[in-house]
Amino acid sequence: MKRHLSVLVVAGWAGLNGVLLAVLGIYGESSLVFWLWGSVGLLLGLAAVLVFLSSRSGPDQQVRYRVPDRGAGAALPAAFGFLLVALAFVYGLWLLALAVPLLGVAVAMAVRGTAPREE
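Remember, it's a predicted structure, so these values are computed and weren't measured experimentally.

1. Thoughts on the overall build of the protein
Counting secondary structure elements, the protein contains 4 helices and 0 strands. Residue burial in the protein is summarised as follows: out of 119 residues, 20% are buried. Pairs at least 24 apart in sequence give 60% of the contacts found in the protein among residues at least 6 apart. Here the protein has roughly 9,300 Å² of accessible surface; of this, 71% comes from carbon and sulfur atoms.

Right, here's the structure in full:
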């Protein structure tokens, strides 16, 4: 089961939603809540089956991921930086103190690259 850890994550998520559905049953929620939460649990169970089938058909694809471009590693810090800029408009401009250095790191990673240079 070492190769199929992603299945355990999705199945555990479905199981946790089943436990939360049982907690809602203890507190006596309405039937609409049961239908909605139960359908989410079933969809997660279906997703776990699909993840299991896809991991069995091509297990080599989940072993290692390589970034094809040197500057592609800057996408994640840039995304978090822009998220902080957007949140600064809602929660205050103090978040810009976190966003600006993070965007600077993203720019440096995009310009310099993150992979070793080939000679």
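Still to come is the rest of the account.
2. Observations concerning helix H3 (residues 75-91)
Its 17 residues give H3 an end-to-end C-alpha distance of 24 Å, which sits within 8% of 24 Å, the value for a rise of 1.5 Å per residue. Pro77, Ala78, Gly81, Leu84 and Ala88 are the residues of H3 that are buried. Here the buried residues of H3 occupy an arc of 120° about the axis, which is enough to place them on one side. When the buried face of H3 is taken as reference, the exposed residues oriented beyond 90 degrees from it are Leu76, Phe82, Phe89 and Val90. Buried positions along H3 lie against helix H4 (96-112).

3. Concerning the side chain of Asn17
Along the polypeptide, Asn17 turns up in helix H1 (residues 5-26). Judged by relative accessible area, which is 11%, Asn17 ranks as buried. With near-sequence residues (within four places) excluded, Asn17 lies in contact with Trp37 and Leu44.

4. Points about the confidence of the model for the protein
Close reading of the predicted structure is inappropriate where its pLDDT is low. Summarising the model, the protein shows a mean pLDDT of 83, and 80% of its residues fall at 70 or more. Helix H2 (residues 31-57) is the least confidently modelled element of the protein, averaging 87 in pLDDT, while H3 averages 93, the highest of any element.

5. As for the packing of H3 against H4
To characterise two packed helices, one gives the angle between the axes of the helices and the distance between these axes. At a minimum axis distance of 8 Å, the contact between H3 and H4 shows a crossing angle of 155°. The orientation of H3 relative to H4 falls into the category roughly antiparallel. Both H3 and H4 take part in a crossing whose hand is left-handed. Every residue of H4 that contacts H3 at Pro77, Ala78, Phe80, Gly81, Phe82, Leu84, Val85 and Ala88 is listed here: Leu96, Leu98, Ala99, Leu102, Leu103, Ala106 and Met109. Classifying every residue of the contact of H3 with H4 gives 14 nonpolar, 1 polar and no charged.

6. So, the environment of Phe34
In this structure, Phe34 sits in helix H2. Taking the C-alpha atoms as reference points, Phe34 and Ala22, separated by 12 residues in sequence, lie 9.3 Å from one another. The contact partners of Phe34, leaving out residues within four places of it in the chain, are Leu21, Leu24, Gly25, Glu29 and Ser39.

7. Quick look at H1
With 22 residues, H1 extends 32 Å from end C-alpha to end C-alpha; this agrees with the ideal 32 Å at 1.5 Å per step. Within H1, the full set of buried residues consists of Val7, Val10, Ala14, Asn17 and Leu24. Here the buried residues of H1 occupy an arc of 105° about the axis, which is enough to place them on one side. The outward face of H1, more than 90 degrees from its buried face, is lined by the exposed residues Leu5, Val9 and Ile26.

Cut-offs used in this document
- Residues numbered from 1 in each chain as written.
- Predicted model: local features only at pLDDT ≥ 70, side-chain atom pairs only at ≥ 80, totals over all residues.
- Heavy atoms only, no water.
- Helix = DSSP H or I, 4+ residues; strand = E, 2+ residues; numbered from the N terminus.
- Buried < 20%, exposed > 50% of the residue type's maximum accessible area, 1.4 Å probe, protein only.
- Contact = heavy atoms within 4.5 Å.
- Areas by Shrake-Rupley, 256 points an atom, 1.4 Å probe, with all protein chains shown as cover.
- Expected span 1.5 Å × (residues − 1).
- Arc of directions from axis to C-beta.
- pLDDT = per-residue confidence, 0-100.
- Axes fitted to C-alpha atoms, helices over the stretch in contact; angles between N-to-C directions.
- Parallel < 35°, antiparallel > 145°, perpendicular 65-115°, else oblique.
- Left-handed = near helix turned anticlockwise from the far one by under 90°.
- Nonpolar A, V, L, I, M, F, W, Y, C, P; charged D, E, K, R; others polar.

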